[in-house]
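Chain by chain, the residues:
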Amino acid sequence: KAPRWATAFKFPEAEAITVLEDVTFQVGRTGTITPVAQLKPVFLAGAKIARASLHNADEIKRLGIHIGDTVVIKRAGEVIPKVVRLHEPGLTQQLVVFPEHCPVCTHQLYQNDKDIAWRCINKHCSAQLKEQIKHFVARNAMNIDGLGDAIIDHLLSTQKITSIADLYRLTYTDLIDLENFAEKSVKNLLASIDKSKACSLATFIFALGIHHVGQVTAQLLADHFQSIDQLIAATEEELCAIHGIGDIVAESLCEAFKTTSWIQQLEQLSALGVRPVYKSMPKSGPLAGKTVLITGTLPESRQIIEEKIKNYGGKIASSVSKNLDYLLVGDQPGSKLTKAQQLIEEGCEIRI
């Protein structure tokens, strides 16, 4: 599978030169403070780039950049904008000063020994709540269609929601006065919220947005415990005993489920009818043992199609490789189709 003598050659990623006009600071759903480069807009690999993450304070020091400098950027993996290096110093340089307090709630920032990131540990920070709700309603989480950023901002600013659980308390009266929201839009949103109550356990665990718990980890936890109550009751030792779960994830889970606000939120969600059910992944089916990759735009959402593939026993691939069995192609496919066709010409049995 991976012979030691093999060598891979890759085409260099396209780069562009632009000016770092400013650095702003964002607050994530776990309180992480992320510096964001505000760039003079430039076209790169078919997209207009005006912002790029600078990750943390250490990355800014490593790059040695100042506001006003000319920098080199690229799209990592042909997708994510990234500042690669300093091109030349600007005529007027301004030092990038990392804040000591949260840019939203002004709470003192904190950095522990195990993490290079600075965090806002104020559990009532409005920026964290907004990002938590955005994560919770996303397509790959609870898939609540119709709740965009502007609507979430309005609901938070008017205090119609103050927690994730409040989403399930929304009524027709709460939503009908929203800008550009007609009766049909309100009914569709309420129906989508109601539909999300019947979710899989793995989806629910991921949607909670616990630090270090992604989709793969959520599925591992769901497969092992098979109920949210058993997961909450698990000790750090029990979590570490699961293959694929390490100390950091176990500690993060235990910390979350020992917090009163977390437990109260879970109890409220249960009382409001959100009852996740464990769904085991089928080991047999027409796609059992097969890997499938999706590219392009399809009639149904990608999440629905991926769920169907999994229900037929298939696995979702993340990239084109010789081990890929099927490439499902929609409108305007990307470079994955070209790579698959090249592998087919080389003798690989990939079906498109």
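Above this text you will find the structure in question.
Residues numbered from 1 in each chain as written. Predicted model: local features only at pLDDT ≥ 70, side-chain atom pairs only at ≥ 80, totals over all residues. Heavy atoms only, no water.

## Here we look at the overall build of the chain
Inference 1: Helices and strands together make up the secondary structure of the chain, namely 13 helices and 10 strands.
Inference 2: Across its three principal axes, the chain shows a C-alpha extent of roughly 60 × 55 × 50 Å.
Inference 3: For the chain, buried positions account for 38% of its 352 residues.
Inference 4: Of the roughly 20,900 Å² that the chain leaves accessible, carbon and sulfur atoms contribute 51%.
Inference 5: Counting 38 positive and 39 negative side-chain charges, the chain places the averaged centre of each group 5 Å from the other. (Helix = DSSP H or I, 4+ residues; strand = E, 2+ residues; numbered from the N terminus. Buried < 20%, exposed > 50% of the residue type's maximum accessible area, 1.4 Å probe, protein only. Areas by Shrake-Rupley, 256 points an atom, 1.4 Å probe, with all protein chains shown as cover. Lys, Arg positive; Asp, Glu negative; His and termini not counted. Charge placed at Lys NZ, Arg CZ, Asp CG, Glu CD.)

## Some remarks on the sheet that holds strand β9 (residues 315–316)
Inference 1: Spatially, the three strands line up as an open sheet ordered β9-β8-β10, and their pairing is parallel. For this open sheet the edge positions go to β9 and β10 (326–329), each flanked by a neighbour on one side alone.
Inference 2: Across the sheet, helix α12 (residues 302–311) touches β8 (291–295), β9 and β10, and the angle it forms with β8 is around 165°.
Inference 3: Together, β8 and β10 form the strand contacts of helix α13 (residues 335–345), whose direction differs from that of β10 by roughly 145°. (Pairing = 2+ DSSP bridges. Contact = heavy atoms within 4.5 Å. Axes fitted to C-alpha atoms, helices over the stretch in contact; angles between N-to-C directions.)

## Considerations on the packing of helix α2 (residues 126–137) against helix α3 (residues 149–157)
Inference 1: α3 packs onto α2 with a crossing angle of 135° between their chain directions and a minimal axis gap of 11 Å. Taken together, the axes of α2 and α3 lie oblique to each other. Our pair here, α2 against α3, has a crossing hand that is right-handed. In this structure, α2 uses Leu129, Lys130, Ile133, Lys134 and Val137 to contact α3, whose residues at the interface are Asp149, Ile152, Asp153 and Leu156.
Inference 2: Here the contact of α2 with α3 is built from residues that sort into five nonpolar, no polar and four charged. (Parallel < 35°, antiparallel > 145°, perpendicular 65-115°, else oblique. Left-handed = near helix turned anticlockwise from the far one by under 90°. Nonpolar A, V, L, I, M, F, W, Y, C, P; charged D, E, K, R; others polar.)

## Focus on unusual backbone geometry
Note: most residues except glycine have negative phi, and most peptide bonds are trans.
Inference 1: With phi around 50°, alanine 45 is a residue other than glycine that occupies positive phi space.
Inference 2: Tracing the sequence through the fold places alanine 45 in the loop between β2 (33–44) and β3 (47–53).
Inference 3: In this model, histidine 55 sits at a positive phi of 70°, which is unusual for a non-glycine residue.
Inference 4: One can find histidine 55 in the loop between β3 and α1 (57–63).
Inference 5: By relative accessible area, which is 43% here, histidine 55 ends up partly exposed.

## What about the packing of aromatic side chains?
Inference 1: Under the definition given, this model contains two aromatic pairs.
Inference 2: Summarising the aromatic geometry, the rings of phenylalanine 136 and tyrosine 168 are spaced 6.4 Å apart at their centres and angled 90° between planes, so their arrangement reads as edge-to-face. One end of the pair, phenylalanine 136, is in helix α2; the other, tyrosine 168, is in the loop between α3 and α4 (172–176), and 32 residues separate them in sequence.
Inference 3: You can call phenylalanine 136 buried: its relative accessible area is 0%.
Inference 4: You can call tyrosine 168 buried: its relative accessible area is 8%. (Phe/Tyr/Trp six-rings, centres within 6.5 Å; stacked < 30°, edge-to-face > 60°.)

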